[in-house]
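Breakdown of the fold
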Amino acid sequence: MKFRLALILALALILPACSETASTPEVPLPAYVLAIDRFDESTGMWMVALATESNDEKELRALVENTRTLAKDKKEEVNSVSVTIIKPDGRIPSTVTAFGRIALTSKGMEQTGLSSTTEMVFEYRNAPAASPEKPPTTPAKETTK
């Protein structure tokens, strides 16, 4: 009996310590500006473009995930969110760094192709910001004869 009590007490002290060390630190959100904000009332789809200087994949993923919170705070019912992350480089069209899609409802799951409202589609492009003085170069196309 004393052994069981000692074992339970030991587990009660060890397990919380394990969970604290196993948790991952939260990634801070980079500074961003809401560049495009379009809401389609008929479908409940919210399309946003976020402009940020960050090129860090984890920070950009956190930005996309943060739109889930922003969508829940909107006065309209949002079914899904489509996020484009761009560089504020003054280019038209802007340099795209990442894309993301989030579903908030079952209708949003149909719209995004996700199987759950906790999932997220994220595509990282790692596109460096283009210099406003120099236009971006395009790779030469190979031709076959």
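Look up: the structure comes first, before these words.
Residues numbered from 1 in each chain as written. Predicted model: local features only at pLDDT ≥ 70, side-chain atom pairs only at ≥ 80, totals over all residues. Heavy atoms only, no water.

**Things to note about the nonpolar core**
Core analysis: the largest hydrophobic core is formed by 15 residues, its most contacted members being V81, V83 and I85. Taken together, the elements giving at least two residues each to this core come down to strand 2 (45–51), helix 2 (57–73), strand 3 (80–86) and strand 4 (96–103). Among the elements that take part in this core, helix 2 stands out by supplying 4 residues, more than any other. (Core = buried A, V, L, I, M, F, W, Y, C linked by side-chain atoms within 4.5 Å. Buried < 20%, exposed > 50% of the residue type's maximum accessible area, 1.4 Å probe, protein only. Helix = DSSP H or I, 4+ residues; strand = E, 2+ residues; numbered from the N terminus.)

**Here's the deal with the pairing of strand 3**
Here strand 3 lies mainly inside the structure; 6 of its 7 residues are buried. Here 7 bridges tie strand 2 to strand 3, and the two strands are oriented parallel to one another. Counted as the bridge partner of A51 is I86 from strand 3. At this point the chain moves from strand 2, through helix 2, to the parallel strand 3, and the crossover so formed is right-handed. Across 7 bridges, strand 3 lies against strand 4 in antiparallel orientation. Directly across from T84, in strand 4, lies its bridge partner F99. (Pairing = 2+ DSSP bridges. Right-handed = clockwise from strand over helix to strand, strands pointing away.)

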